[in-house]
Amino acid sequence: MPARLSYFFGSMPMDGDPKPTARDRSGVLFPPPLAFLAGLGAGWLLDQIVSARIPPSFRLQIGAPLFLAGCTLALLAELALIAGKTPANPYRASRSIIDTGPYRFSRNPMYVAFSLIFAGIAFSSGSISTLTMLPVVLLAIRYGVIAREEAYLERKFGSEYLAYKKRVRRWL
């Protein structure tokens, strides 16, 4: 597994990463990318049973721009994290509150990016079943990941995070 990918999924620390203590972890229930992949898989399985299709004229016209927007947003969010020397990996200790790049507009631009990519794939493949899985994935992300990350950041950064939370929306 490439170093950056294994870093994101939690199996390998990057140089200089502090080892997080039990208290210095967000305690997310699952790696966020896996929730989106599971949703795509569940949508594909559901598609085998219920074959509702998105009309072909909308597939690439909507799917490709959503996918590209998501990839661009993910790249910008990752670059902001790298510049702030804070890992994207929710299993690593956060070093600072990042409020630059897309983090000026959303506290969770990576999850917005993954959502756009997910929707782009669903539209491009023409799968209504896959598209209907996105709200389920977002609920899992909201309560299994974001709620825990927010509680962790409040514990770790206190008033600095609360001020950031006041001025920047959770999603968009």
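Residues numbered from 1 in each chain as written. Predicted model: local features only at pLDDT ≥ 70, side-chain atom pairs only at ≥ 80, totals over all residues. Heavy atoms only, no water.

Enquirer: What is the right way to look at the overall build of the protein chain in this model?
Expert: For the protein chain, the helix and strand inventory stands at six helices and zero strands. Ordered by position from N to C terminus, the α and β elements of the protein chain give α-α-α-α-α-α. Carbon together with sulfur atoms contributes 68% to the accessible area of the protein chain, which is approximately 9,300 Å² in total. (Helix = DSSP H or I, 4+ residues; strand = E, 2+ residues; numbered from the N terminus. Areas by Shrake-Rupley, 256 points an atom, 1.4 Å probe, with all protein chains shown as cover.)

Enquirer: Where do I start with a nonpolar patch on the surface in this structure?
Expert: Side chains of Leu75, Leu76, Leu79 and Ile82 sit close together on the surface and give an oily, nonpolar patch of about 380 Å² of accessible area. Tracing the backbone shows Leu75 in helix H3 (residues 56-83). Leu75 gets classed as exposed once you look at its relative accessible area, which sits at 52%. (Patch = residues over 30% accessible without salt bridge, like charges linked within 9 Å, V, L, I, M, F, W, Y side chains within 5 Å. Salt bridge = Lys/Arg side-chain N within 4 Å of Asp/Glu carboxyl O. Buried < 20%, exposed > 50% of the residue type's maximum accessible area, 1.4 Å probe, protein only.)

Enquirer: What am I meant to see in the packing of aromatic side chains here?
Expert: How two aromatic rings sit relative to each other is set out by the distance from centre to centre and by the angle between their planes. Counted by the stated rule, this structure contains three aromatic pairs. An angle of 65° between the planes, with centres 5.4 Å apart, marks the rings of Phe36 and Phe114 as edge-to-face. Placement of the pair is Phe36 in helix H2 (residues 32-49) and Phe114 in helix H4 (residues 109-125), with a sequence separation of 78 residues. Like Phe114, Phe36 is buried. Aromatic ring contacts, followed pair by pair, group Phe36, Phe114 and Phe118 into a single cluster. The side chain of Arg142 reaches across the aromatic face of Tyr143, ending 4.8 Å from its centre. (Phe/Tyr/Trp six-rings, centres within 6.5 Å; stacked < 30°, edge-to-face > 60°. Lys NZ or Arg CZ within 6 Å of the ring centre and 35° of its normal.)

Enquirer: Would you take a moment to explain the nonpolar core for this structure?
Expert: Among soluble globular proteins, nonpolar side chains are generally buried collectively. If you look at the biggest cluster of nonpolar residues, it comprises 32 residues, and the most contacted ones within it are Phe36, Tyr103, Met110, Tyr111 and Ile141. Of all the elements in the fold, those that place two or more residues in this core are H2, H3, H4, helix H5 (128-157) and helix H6 (159-167). In this structure, Tyr111 is in contact with Pro32, Phe36, Ile141, Val145, Ile146, Glu149 and Trp171, ignoring residues within four places of it in sequence. (Core = buried A, V, L, I, M, F, W, Y, C linked by side-chain atoms within 4.5 Å. Contact = heavy atoms within 4.5 Å.)

Enquirer: Please clarify how the packing of H2 against H5 should be interpreted in this entry.
Expert: When two helices pack together, their arrangement is given by the angle between the helix axes and by the axis-to-axis distance. Axis separation between H2 and H5 bottoms out at 8 Å; the angle between their running directions is 150°. Relative to H5, H2 is oriented roughly antiparallel. In this structure, the crossing between H2 and H5 has a hand that is right-handed. Residues Pro32, Ala35, Phe36, Gly39, Leu40, Ala42, Gly43, Trp44, Leu46 and Asp47 of H2 pack against Ser129, Thr130, Thr132, Met133, Leu134, Val137, Leu138, Ile141 and Val145 of H5. (Axes fitted to C-alpha atoms, helices over the stretch in contact; angles between N-to-C directions. Parallel < 35°, antiparallel > 145°, perpendicular 65-115°, else oblique. Left-handed = near helix turned anticlockwise from the far one by under 90°.)

Enquirer: Sorry if this is basic, but what is going on with the pattern of salt bridges here?
Expert: Working definition: two side chains of opposite charge can pair if their charged atoms are close together. Tallied over the entire structure, the rule returns five salt bridges. The partner of Asp99 in a salt bridge is Arg167, and the shortest N-O contact between them spans 2.9 Å. Here Asp99, found in the loop between H3 and H4, pairs with Arg167, found in helix H6; they are 68 residues apart in sequence, far enough to count as distant. The exposed category is assigned to Arg167, whose relative accessible area is 52%. In this structure, Lys165 engages Glu154 in a salt bridge whose closest nitrogen and oxygen atoms are separated by 2.6 Å. Of the two residues, Lys165 is situated in helix H6 and Glu154 in helix H5; the sequence distance between them amounts to 11 residues. Three or more residues are tied together by salt bridges with common partners; here these are Arg107, Glu150 and Arg170.

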